[in-house]
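Chain by chain, the residues run as shown.
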Amino acid sequence: LAMYALFAVSNLACALADALAKVPGVKIENNSFFNEFTLQLSSDKDATKVVEQLAQKAVIAGYPVEGGKIVTCATELTTDEDIAAFAAALQEVLA
């Protein structure tokens, strides 16, 4: 059961990374990861402001770090709907 849970979390994180990587102006920094990974936003975007704008849309995006980056993750509670909502909201905020 524990191994299944680990694979499930990893698969959710991969699905989230795949969805967010399709958003224009977003690049996934990590080549490999378990459940946490770093988003690199386009150079003119302030990560703190993006995280705040996403929070206003009820999306907890993660932790902003210097250089236009956001550390984010997926957990065993992340749903396909959460992933779609995050990607759609991020695309809106970055547009």
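Since the structure is predicted, the reported quantities are computational estimates derived from the model, not experimental observations.

(A) How the structure looks around the packing of helix α2 (residues 47-56) against helix α3 (residues 80-94). Relative orientation of the contacting elements α2 and α3 amounts to 125°, with a least axis distance of 10 Å. By the criterion of interaxial angle, the relationship of α2 to α3 is oblique. Between α2 and α3 the crossing geometry is right-handed. Counting all contacts with α2, which are made through V50, Q53 and L54, the residues of α3 involved are F86, A89, L90, V93 and L94. Its residues assigned to classes, the contact of α2 with α3 comprises seven nonpolar, one polar and no charged.

(B) Spotlight on the pairing of strand β4 (residues 69-73). Alternating residues of β4 divide into I70 and T72, all buried, and K69, V71 and C73, none buried. Inspection of the sheet shows strand β2 (residues 36-41) paired to β4 by five bridges, in the antiparallel sense. Within the sheet, the bridge partner assigned to F37 lies in β4 and is T72. Judged from the three bridges that link them, strand β3 (residues 63-65) and β4 form a sheet pairing that is antiparallel. Each residue of the ladder has a partner; that of P64, found in β4, is I70. Between β3 and β4, which follow one another and run antiparallel, lie three residues, and G67 among them has a positive phi close to 85°.

(C) Main features of the layout of surface pockets. When its volume is computed, the largest pocket comes out at roughly 280 Å³. Along its surface, the largest pocket is lined by 16 residues, and I60, C73, T78, D82 and F86 are the ones closest to its centre. Those elements that provide at least two residues to the lining of the largest pocket are β4 and α3. Sort the elements by how many residues they give to the lining of the largest pocket and α3 lands first, with four residues. By residue class, the composition of the lining of the largest pocket is 11 nonpolar, four polar and one charged.

Calculation notes
Residues numbered from 1 in each chain as written. Predicted model: local features only at pLDDT ≥ 70, side-chain atom pairs only at ≥ 80, totals over all residues. Heavy atoms only, no water. Axes fitted to C-alpha atoms, helices over the stretch in contact; angles between N-to-C directions. Helix = DSSP H or I, 4+ residues; strand = E, 2+ residues; numbered from the N terminus. Parallel < 35°, antiparallel > 145°, perpendicular 65-115°, else oblique. Left-handed = near helix turned anticlockwise from the far one by under 90°. Contact = heavy atoms within 4.5 Å. Nonpolar A, V, L, I, M, F, W, Y, C, P; charged D, E, K, R; others polar. Buried < 20%, exposed > 50% of the residue type's maximum accessible area, 1.4 Å probe, protein only. Pairing = 2+ DSSP bridges. 1 Å grid on protein atoms, 1.4 Å probe; cavity = no way out; pocket = protein on both sides within 12 Å on 5 of 7 lines; lining within 4 Å. Points joined across faces, edges and corners; volume = space filled by probe spheres on them.

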